[in-house]
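Remarks on the overall topology
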Amino acid sequence: MRARCLSLLLCLSACRAADRSPPSPSEWTGVDSARIDSILAPLVSSHDFMGAVAFVRNGTIVYTRGAGLADATTGRPFTPATPADGGSLAKTLTAAAVWTLVQQGRIAIDTPVTTYIPDYPHAATTVRQLIAHSNGLAPYYEEFDPYFRSNEVRTTEGLLDVVRRVMPRPRFTPGTRFEYSNLGFDAAALVVEKVTRQPIASVFRERFFAPLGMETAFARPGRFADFPGPRTRGHRWADTGWVTADVFDNEAFIGGSNVYLSALDIAKWAGAHAAGTALPAGVVRLGQVPPKIDGRPSPITGLSWYCDAAGVRCQYSGANGAFHSLAWWDRAQGTAIAMVSNSDLAPWTLITLQRDLVAALERRDPDSSPRPVFVSVTAQQRGSPAGRYTSPDGDRITVTNAPENLRLRIGNGLDFEIFHVAPDAFYVPGLDYFIGFSGDGATRRMHVRSMFEDFIATRVR
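Residues numbered from 1 in each chain as written. Predicted model: local features only at pLDDT ≥ 70, side-chain atom pairs only at ≥ 80, totals over all residues. Heavy atoms only, no water.

All right, on to the packing of helix α4 (residues 156–166) against helix α5 (residues 182–196) then. Where α4 meets α5, the axes come as close as 10 Å, and the angle between the chain directions of the two elements is 120°. The orientation of α4 with respect to α5, classified from their angle, is oblique. Crossing angle aside, the handedness with which α4 passes α5 is left-handed. Here α4 contributes Thr156, Glu157, Leu159, Leu160 and Val163 to the contact with α5, which in turn contributes Leu183, Asp186, Ala187 and Leu190. (Axes fitted to C-alpha atoms, helices over the stretch in contact; angles between N-to-C directions. Helix = DSSP H or I, 4+ residues; strand = E, 2+ residues; numbered from the N terminus. Parallel < 35°, antiparallel > 145°, perpendicular 65-115°, else oblique. Left-handed = near helix turned anticlockwise from the far one by under 90°. Contact = heavy atoms within 4.5 Å.)

And the structure:
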């Protein structure tokens, strides 16, 4: 349904963390509000961004902005207190719950999952492998569509029952390769439920949401009809108005996704990590180590964060349909950034926005370079980017055209699947790379952008 075209809704709205109204500029300690507004305003006016951001310094939310609509069908505005689908940010909560129980001696991380879920379908899989994206479960929820009625609520137990009946062998030997796994985290949340004898929604609320003041965060109910209050909808811009581009009903599996968070909630979660107060120190010591996969370290920590080499600047993002989210924190500076969006941002626009928000917090200029002209790749041309590339640092990057998808490897590191997310854009989970290709044949170049990387690799073969 088309949104009403009111100019007011194209302007930035503001809310203060404590009482839902904006702080005065004098309270935005160390934050250049004009710089942040200059990043968001063009994206709002071009119908690329609806959502909210929040900035944290030394444990205090010092800046927030909301923009656009939480629901174009009703005209309800999107504020920093609006909860939206956080996508994979749920994984940071699930991993935190697992490692908390490990530190308490209630979960043995390298014990088979069947110790806690006796009918788990793959007997050799360990709890660590569930949250290390190395478990061999079906990677896509769509694979389960034939086994559920259209209006049937899907639970983690129901999904695992399908695995047990029709996918009794893991796709690969657990622990031998990286394959991004939502269901692995759903299963890990089920382990937490079995150990604590509490629903994972209650675990999140009691251990994280309530202590940190994440007032609007919640694990979603299976059915839209049971949502607590108005539901935030996903949207995309279509010619003259916003149309609904929503997530799916009847999803009751929690752990890899399906947690709703506002920008204020994410800011408190990320800000607590920056301050070192989100989790006990013993939990952090155990969980901050990247798991080993096939003898090589994963780029994602055990607590499900992408971090820099020093482990002090970390981030994780989520995406589900038109929803996008970001939690970014810097323990050395005591700063954090939260972003949520319910508009269908183009991949390169999304990663550039996220990087620009960090630049604004650090009082650096945003990226002013023109967007590269990327080559569109059709399904029939899928193998055209395959080849060897060299980064400016001399790293060898190999792209191969595997039977299921393109795959990428840096040097002798782990192998990662490349997902085609737009005609001219790709995404690599595990490395968190957004990729576009320019040129052709021997002149082809690979443009790579992430929260910690921004470079162009040249094709050498």
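From this point, the narrative continues.
On to the packing of aromatic side chains, then. In this structure the tally under the stated criterion is 20 aromatic pairs. Look at Phe426 and Phe437: their rings are 5.5 Å apart centre to centre, the planes differ by 80°, and that puts the pair in the edge-to-face class. Here Phe426, found in strand β21 (residues 425–428), pairs with Phe437, found in strand β22 (residues 433–438); they are 11 residues apart in sequence, far enough to count as distant. For the pair Phe426 and Phe437, one class covers both residues: buried. Through successive ring pairs, a cluster of aromatic residues spans Phe218, Phe224, Phe227, Tyr260 and Phe323. Looking at Arg231, its charged tip hangs above the ring of Phe224, at a distance of 3.7 Å from the centre. (Phe/Tyr/Trp six-rings, centres within 6.5 Å; stacked < 30°, edge-to-face > 60°. Buried < 20%, exposed > 50% of the residue type's maximum accessible area, 1.4 Å probe, protein only. Lys NZ or Arg CZ within 6 Å of the ring centre and 35° of its normal.)

The phi dihedral of Asp239 is positive, around 65°, even though this residue is not glycine. The topology assignment puts Asp239 in the loop between β8 (235–238) and β9 (241–244). Residue class for Asp239 comes out exposed when judged on its relative accessible area of 68%. One non-glycine residue, Asn250, adopts positive backbone phi at about 65°. By the element assignment, Asn250 lies in the loop between β9 and β10 (259–261).

Strand order in the closed barrel formed by eight strands is β17-β18-β19-β20-β21-β22-β23-β24, with antiparallel pairing between adjacent strands. Within this sheet the neighbouring strands show an average axis-to-axis angle of 30°, counted without direction. Sheet topology places β21 next to β22; three bridges connect them, and they run antiparallel. Residue pairing in the sheet places Phe426 in a bridge with Ile435 of β22. (Pairing = 2+ DSSP bridges.)

With that settled, the discussion passes to the pairing of strand β24 (residues 454–459). A one-sided burial pattern is seen for β24, the buried positions being Phe455, Ala457 and Arg459 and the unburied ones Asp454, Ile456 and Thr458. In this structure, strand β17 (residues 387–390) lies alongside β24, joined through two bridges in antiparallel fashion. Considered in β24, the bridge of Tyr389 is made with Arg459. Sheet topology note: the strand β23 (residues 445–449)/β24 ladder contains five bridges and is antiparallel. When the sheet's bridge partners are listed, Met446 is paired in β24 with Ala457. Hairpin connection, β23 to β24: the antiparallel pair is bridged by four residues.

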